[in-house]
Amino acid sequence: MKPKAIVLRTAGTNCEYETNHVLKMVGFDADNVHINELIRGDKKLLDYQMLVIPGGFSHGDYLGSAKILANKMTYKLGNDIPEFIEKGNLVLGICNGFQALVKSGILPGFGGNYKKQETTLTMNDSGHFQDEWIEMKNVNKGKCIFTKDIDFIIPCPINHGEGKFVAPKEIMGKLKSNDQVVFKYVKNPNGSYEDIAGICDESGRVLGLMPHPEKYFTHLNSPQSTRTEISNEAAGLAIFRNAFGYFK
Amino acid sequence: MWRIEVSLLSEFTDSVGTGTLSDIKEDLLIKSVESVKYVDVYLIDANLDENSVKEIAEKLLIDPITQEFKINSEFSNGFNWAIEVSLHKNVTDNVGMTAEEGIRDILGGKLDGGVRTARKYLLKGKLDEKEVKRICTDLLANGIIENYSYKKLD
Amino acid sequence: MKNEIKFIGLGEKELETLSKDMLLSLNLKEMKEIQEHYKNLGREPAQIELETLAQTWSEHCKHKVFNALIDYVEDGKVEKIDSLFRSYIVKATDEAGKKKKDFLVSVFSDNAGIVKFNDEFNIAFKVETHNHPSALDPYGGANTGIGGVIRDVLGCGLGAKPIANTDIFCFGEFDMPAKDVPKGILHPKRIAKGVRAGVRDYGNRMGIPTVNGAILFEERYLGNPLVFCGTVGIIPKGMETKAAKDGDLIISVGGKTGRDGIHGATFSSIELDESTSAAAVQIGNAIEEKKVLDVILQARDRGLYTAITDCGAGGFSSAVGEMGEELGAEVHLEKAPLKYEGLAPWEIWVSEAQERMVLSVPPKHEKEFIELCANEDVEATVIGEFVKTGMLKLLYNGEIVGDLEMDFLHNGGPRRELKAKWENKKEEKISIKTGNLGEDLRKLLSHPNIASKESTIRQYDHEVQGGSIIKPLVGAENDGPGDAAIVRPLLDKNDGVAIANGINPMYGDIDPYWMAASAVDEAVRNIISVGGNLEGIALLDNFCWGNPEKEDKLGELVRTVKGCYDTATAYDLPFISGKDSFYNEFILKGKTIAIPGTLLISAIGVMKDCRKRISMDLKEEGNLIYVVGKTFNEMGAGHFALLNGIKEGAVPKVRFKEARKNFESLVKAIAVGGKNDERIVRACHDCSEGGLGVAIAEMAFAGMKSAEIELGKVLQEEEIKEDAVILFSESNSRFVVEVNAGKKKEFEEIMKGCEISEIGEVSGGNELAIKGLSGKEIVKENLSELKESWKKTLRW
């Protein structure tokens, strides 16, 4: 049986289409589910093996990115997501999804406490939204299951206004000593501390990142593909293939 | 009516503030302004106790890593002028409406009242009233949809 | 009836005064026809009925100028034109449609035009303007402009899913000294920044990639900027038609109704001045609209409704009026959810509050539909039903407040009769002294109309939805100016759609006919440059004009429309939708200033295989550089002329026959090959603003590859003797093409009989080197410096 992924959406989510597509491409069964369906209990998180929170402007990001969504996850879903993680399932937050994971405290989730916000993603140094292709490298030493064997640079777009990763010094130290730093930008586009583009939790099964690997699933997506021949196995797929591989 | 002001902690770059500063200098050619600090203002018109308001501020209105808040008092230290811009009463206030939904999520139920927002700009520099007014009319506020007010700080 | 207006006894003067006082924007002829109608009914009209008629008969909704009878005098010769729309625009489409079987799916009849995409899907496209509101409140105006056009696409057929946005702006000069900007007008730079932010914050939140656009600066847009917002959508085959049925419920979905934008439709035909009503300005809520989009696409696929339209100009009055045209409708206005208390029934009826759609839902689906909406926090309210009475009956708390015949509402109203004139000017070819061409080139690259728009482009999300194939910025450093964007909406298929535009209002100062031809030609060139083809192209026409009651202004419009017709038919291209906006004028120091008559041509190009895409940046050392198309001495109203204050010169024309042959062969050459190194053509760039000089410079610094060319080798009109003319003439129908060095023969074979010239090659180093007619090197510029000249102007 195929592992099942839930693509969680809410008002203002806007990357569910391509995220769903990539999950199916690598072998998942993927459903787009509105958070209200989980809140009402029409759908159960535990019927799935992977939770993906895709990009977008959840609830407009009017009170800071993903704030309302993070609060809904905390106040309305209660213990659902922590329990989902503890049962050995996977969680991936991309862009707005990463912001939601950070602001709800699911990341970094020190000591299995998934409810304390320790870091944040704040306004880019430029002061506005940026769309550009960046390169990121996997710096994780082995904890994160999503980046197993990724020893190559992944180019993909960033599309965010609030992507600057910020953490107090001692938290930064802890992230590093715990091997929770996963992706770093090759060239920092937004002022993120220590070029950080993505982090994971202590279990390595929860990953959040600002760049959009799901938008680089074919060589045709690459802005360089008219210049140099690029493999059809686009680099953005690797993270999703690892997630799928985890369930084999 | 509760007034909550939210401001970035001083160690973080205030990109709205610095952007406004360069607009004032480059577009309005008012060079005497030295710095601008940006503050979000939430006006909650609802029957809430102070603890609830504190919870709302902490859990909803600020980012605890980068921001701080004040309830019913104002950020103003070290600045010479304060400008406040808000939308006319019947103009859609998206931030206010979103805050209402966020408050309902936190308090679990209905919110008896509403939230409106304002943008506050603290200006440092030797500016006269005429210049401050020009900053309001030519840059920060559009009279068609917004009100503005300014005051000298001491 | 309640709120009757004393009307049937009024004299002519009083009718005119009433129209003005009520902001109806109806002329005397129209007022008299309404008077006659009510005389026959033997009663006075209710206020809400007059408001409804004014909305439905407004310029915005009825396109009275484009349907008018026009007496057109060209050089003293009189011509009677019975509807510009039918005689030229529709005619061009009909003729193209005969040659492109199955391509046209729905044209001119819906909120957006629809053409065939592949066997399962069709593509919808619409471009709107939102000029007056953007002048007053740039942020909110742009916000609601983009929100409105997205709803147009969502409300076309049974609902198309938006897949791309395109935005074109015309502003006053951004570097104008603040003291020269008159009171009541916002500084052009402030307008530009506000519009940019408004489009950004709405488009990005909607999750629709903004993939294409243009920004122009010209002093005559000072008090009246133009904001064109376009949306492309995809819709499953078979969903292009809709019809409300007798007994269907009228359901309002989305935002609540407030006093926002009352009289917006009529407001768009009033000249701006300092006292212009603030009610016309609103702020959008993109998340509300995104929620509506999400539920509507689900409801569509479940077949829960029979028809849908957006609440745009005229609000409910237009939406319900349109949907019930063939039936009749009964609306209970008190049921509409309101933002605040105190709205009069007529205000509810004509309010243009944003983010609302109207649907006709069969009663058996009511529960499921409303539940679906509620599940995603979208408000959906039954406000009435469609009934086969032929009447539009409006009630408020059970009391009839209006009762109008659908037939009179939609088919009444006198046709406008207008006069137009045009005098052809004698054409002067000018000789231009060649100076320091390297410096000229840098200046041209820095011209705001040509300069890099990166600071704007990168604030827009062009990647969302995962279908971005050719991006707005391309090349070695991802910063060169792509010609058209390509989007692949179905992520497991290779069908693509290219999106481009053509606009050059300055040419209209010499001859609007050639302005139109140039705009169509430019849009087509852009599509071809990325790998599109003529067969897949459909056009939209957007006209922004001054006062059509002025004969000379209308004359320019007639010339423009004729240019559209001739060019479209020469290439067999259909217009599938369009829009017009008149009275784009403002008062400056007591004088009325009209914007330059502005035609925007937007093009979509359906591609069967988007892997055939190509970008404009130079790729490889040793490859050959060709110019396709012939260069003429056509410096009039071009950017070199603008920079140097030259008023004379011939405007660029289009030689239709030669152009078409060039296009068709080039399309074939571009399509050859799979992998990059198997391709004949490695780069292709349209020659437009700034001519050959700017085009080759852009290609070189986009690819960061040197180019060496010789002007003597450029195929040119015989009498050109000046390097500056060859380099900067903006002659149409030309491309600069990089040809794989090993495939020269194949290229020339395919291009046989076309106007081509091999002018140089891609070389090593970091320079653009140009040899003049004398054979001497006249330009040697460092690529990084050229790029910086191009980037620095609009870095704000």
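Just so it is clear, the structure is predicted and the values come from calculations on it, not from any experiment.

Draft legend 1. The arrangement of the overall build of chain C in detail. The helix and strand inventory of chain C stands at 24 helices and 33 strands. Structurally, chain C occupies a C-alpha span of about 85 × 55 × 50 Å along its principal axes. Looking at chain C as a whole, 68% of its 796 residues qualify as buried. Considering only intrachain contacts with a sequence separation of at least 6, the fraction spanning at least 24 residues in chain C is 83%. For chain C, the computed accessible surface area is about 26200 Å², with 48% contributed by carbon and sulfur atoms. Charge-centre separation for chain C: the mean point of 101 positive side chains lies 3 Å from the mean point of 126 negative side chains.

Draft legend 2. Region of interest: the domain arrangement of chain C. In terms of domains, chain C is made up of domain 1 (12-45) and domain 2 (614-796). Relative placement of domain 1 of chain C and domain 2 of chain C: their C-alpha centres are 59 Å apart.

Draft legend 3. How the structure looks around the interface of chain A and chain C. Every contact between the two is made by 39 residues of chain A and, on the other side, 51 residues of chain C. Regarding the contact of chain A and chain C, the summed buried area is about 3600 Å², with carbon and sulfur atoms giving 48% of it. Scanning the region where chain A abuts chain C turns up 4 salt bridges. A salt bridge links E16 of chain A to K290 of chain C; its shortest N-O distance comes to 3.9 Å. Among the elements of the structure, α1 (16-26), α2 (35-40), β6 (130-138) and β7 (154-160) of chain A are those that each provide at least two residues to the side of chain A that touches chain C. The residue inventory of the side of chain A that touches chain C, partitioned by class, reads 11 nonpolar, 19 polar and 9 charged.

Draft legend 4. Seen up close, the pairing of strand β2 (residues 29-34) of chain A. Residue and element names in this part refer to chain A. Sheet topology places strand β1 (residues 4-9) next to β2; 6 bridges connect them, and they run parallel. Opposite K4, over in β2, you have D29 as the bridge partner. Handedness of the β-α-β unit built from β1, α1 and β2 comes out right-handed.

Draft legend 5. Representation of the nonpolar core within the structure. Core analysis: the largest hydrophobic core is formed by 155 residues, its most contacted members being I70, L557, I604, L666, V737 and F747 of chain C. No other element matches the 11 residues that helix α17 (residues 512-529) of chain C contributes to this core. In this structure, I604 of chain C is in contact with V115, I123, F125, V232, V497, A498, I499, I527, G536, I537, A538 and I576 of chain C, ignoring residues within four places of it in sequence. In this structure, L77, I94, V206 and A234 of chain A belong to the second largest nonpolar core, which totals 77 residues.

Draft legend 6. View of a negative patch on the surface. Judged by side-chain charge, E322, E325, E326 and D407 of chain C come together as a negatively charged surface patch. With respect to the element layout, D407 of chain C can be found in helix α14 (residues 406-411).

Draft legend 7. Focus on the interface of chain A and chain B. Facing the 24 residues of chain A at the interface are 21 residues of chain B. Across the chain A to chain B interface the summed buried area is about 1800 Å²; carbon plus sulfur atoms make up 57%. At the boundary of chain A and chain B, one finds 4 salt bridges. Across the pair K72 of chain A and E101 of chain B runs a salt bridge, and its minimum N-O distance is 2.9 Å. Residue assignment for the side of chain A that touches chain B shows that the elements contributing at least two residues are α3 (67-76), β5 (120-122) and β8 (164-166) of chain A.

Draft legend 8. Quick peek at the packing of aromatic side chains. Residues and elements named next belong to chain C. This model, assessed by the stated rule, comprises 25 aromatic pairs over all chains. Taken together, a centroid distance of 5.1 Å and an interplanar angle of 85 degrees make the contact between F85 and F108 edge-to-face. Placement of the pair is F85 in helix α5 (residues 84-99) and F108 in the loop between β3 (104-106) and β4 (113-116), with a sequence separation of 23 residues. Between F174 and W796 the ring centres are 5.2 Å apart and the planes differ by 40 degrees, which places this aromatic pair in the tilted class.

Conventions used here
- Residues numbered from 1 in each chain as written.
- Chains lettered and ligands numbered in written order.
- Predicted model: local features only at pLDDT ≥ 70, side-chain atom pairs only at ≥ 80, totals over all residues.
- Heavy atoms only, no water.
- Helix = DSSP H or I, 4+ residues; strand = E, 2+ residues; numbered from the N terminus.
- Buried < 20%, exposed > 50% of the residue type's maximum accessible area, 1.4 Å probe, protein only.
- Contact = heavy atoms within 4.5 Å.
- Areas by Shrake-Rupley, 256 points an atom, 1.4 Å probe, with all protein chains shown as cover.
- Lys, Arg positive; Asp, Glu negative; His and termini not counted.
- Charge placed at Lys NZ, Arg CZ, Asp CG, Glu CD.
- Domains from an automatic or database assignment.
- Buried area = accessible area lost by both parts, 1.4 Å probe.
- Salt bridge = Lys/Arg side-chain N within 4 Å of Asp/Glu carboxyl O.
- Nonpolar A, V, L, I, M, F, W, Y, C, P; charged D, E, K, R; others polar.
- Pairing = 2+ DSSP bridges.
- Right-handed = clockwise from strand over helix to strand, strands pointing away.
- Core = buried A, V, L, I, M, F, W, Y, C linked by side-chain atoms within 4.5 Å.
- Patch = residues over 30% accessible without salt bridge, like charges linked within 9 Å, V, L, I, M, F, W, Y side chains within 5 Å.
- Phe/Tyr/Trp six-rings, centres within 6.5 Å; stacked < 30°, edge-to-face > 60°.

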